[in-house]
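Here's the letter readout for the chains.
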Amino acid sequence: MSEVSVTKNAEGPAHAGDQLVVLDNVNKHFGALHVLQDIDLTINRGEVVVVIGPSGSGKSTLCRTINRLETIDSGSITIDGKPLPQEGRELAKLRADVGMVFQSFNLFAHKTVLENVMLGQTKVRKTDKAAAEQKARALLDRVGVGTQADKYPAQLSGGQQQRVAIARALAMDPKVMLFDEPTSALDPEMINEVLDTMQQLARDGMTMVVVTHEMGFARSAANRVVFMADGRIIEEAEPNQFFNNPRSDRAKDFLSKIL
Ligand code: ADP
Ligand code: MG
């Protein structure tokens, strides 16, 4: 009962003291490529961390290790104090606790929008169908696609599909949401509708890790910017400090090319 009454949203950033995702000295190789090198990263509850850096620097791999789509070679990752499970039901639960939104929306093409948002609830969370549908409809409304519930993904615009993907992840009541370049595949006029949805989520207190090239979003939504290059975290700072006064030459060089 007491857990329910502690709403992190009401507490806001003041509640952001405790550590939700902790990567400790994480290393990973793809063959000879040392893709993640001595990664130490802590994401606090309620925090929005934007990860930026050149292509190939390991940003996607970093995200994928957090929900164990990729294994790591050494170091540790804990979520809410628990090490990542290796397999089976525990792993399925972890994947539900860590919502992931990809560049390619990855919706099930042969299922309706509503079914896409219900599926994980009934299969993984074992929610009954009526409750799952009610929740799915509420979430679809929340991300602004409630009227599309009975269509198939291909009948929606890219921006709408990506918002369905966000609703689907939210349906699992994730502890943290990972976004890997969620707007990179979208036509320009659809980018803002997805960023606005993410902005709202951030304001509602969701813990978020966002890989993006959208620097406007980083400036306005991020509590912290993490800059990666060549598999390492080169710099971590508040957005204002990072964009106005980057410390490393790599970050200065990167920013000079994109801003
Ligand atoms: P980013 O998301 O920052 O562009 P990635 O994490 O996708 O970077 O990739 C980092 C590096 O790892 C790149 O050089 C990429 O080619 C390589 N890489 C990514 N996935 C694999 C894989 N499954 N097997 C081999 N190399 C990979
Ligand atoms: Mg990537």
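The structure displayed is predicted, hence computed values, not measured ones.

Asker: Describe the side chain of Arg68, and please don't skip the residues or the numbers.
Answerer: Along the polypeptide, Arg68 turns up in the loop between α3 (59-66) and β4 (74-79). The buried category is assigned to Arg68, whose relative accessible area is 17%. Other than its neighbours up to four places away in sequence, Arg68 contacts Leu84, Pro85, Gln86, Leu91, Leu94 and Arg95.

Asker: Tell me what's going on with the nonpolar core, and back it up with residues and numbers.
Answerer: When a protein is soluble and globular, its nonpolar side chains tend to lie buried together. Grouped together as the largest cluster of nonpolar side chains are 52 residues, with contacts concentrated most on Leu140, Ile166, Met177, Phe179, Met198, Met208 and Phe242. Considering each element in turn, this core owes the most residues, seven residues, to helix α8 (residues 188-203). Among all residues touching Met208, those that are not within four sequence positions of it are Glu47, Val48, Val49, Met177, Phe179, Met198, Leu201, Ala202 and Phe217. With 27 residues, the next largest nonpolar core counts Ile39, Val49, Leu91 and Val209 among its residues.

Asker: Describe the site of ligand 1, listing the residues and the values that go with them.
Answerer: If you check the shell around ligand 1, you find Phe30, Leu33, Val35, Pro54, Ser55, Gly56, Ser57, Gly58, Lys59, Ser60 and Thr61 and nothing else. Here an oxygen atom of ligand 1 sits 3.2 Å away from a polar atom, N or O, in the main chain of Ser57. Between ligand 1 and Gly58 there is a distance of 3.0 Å, counted from an oxygen atom to a backbone nitrogen or oxygen. For ligand 1, whose unbound accessible area comes to 560 Å², protein coverage reaches 58%. When residues in the shell around ligand 1 are grouped by element, the largest group, three residues, is from α3. Class assignment for the residues of the shell around ligand 1 results in four nonpolar, six polar and one charged.

The rules behind these values
Residues numbered from 1 in each chain as written. Chains lettered and ligands numbered in written order. Predicted model: local features only at pLDDT ≥ 70, side-chain atom pairs only at ≥ 80, totals over all residues. Heavy atoms only, no water. Helix = DSSP H or I, 4+ residues; strand = E, 2+ residues; numbered from the N terminus. Buried < 20%, exposed > 50% of the residue type's maximum accessible area, 1.4 Å probe, protein only. Contact = heavy atoms within 4.5 Å. Core = buried A, V, L, I, M, F, W, Y, C linked by side-chain atoms within 4.5 Å. Near = heavy atom within 4 Å. Polar contact = N/O pair within 3.5 Å; in protein donor to acceptor, adjacent residues only side chain to side chain. Areas by Shrake-Rupley, 256 points an atom, 1.4 Å probe, with all protein chains shown as cover. Nonpolar A, V, L, I, M, F, W, Y, C, P; charged D, E, K, R; others polar.

Take it as geometry only, folks, not as evidence of what the structure does.
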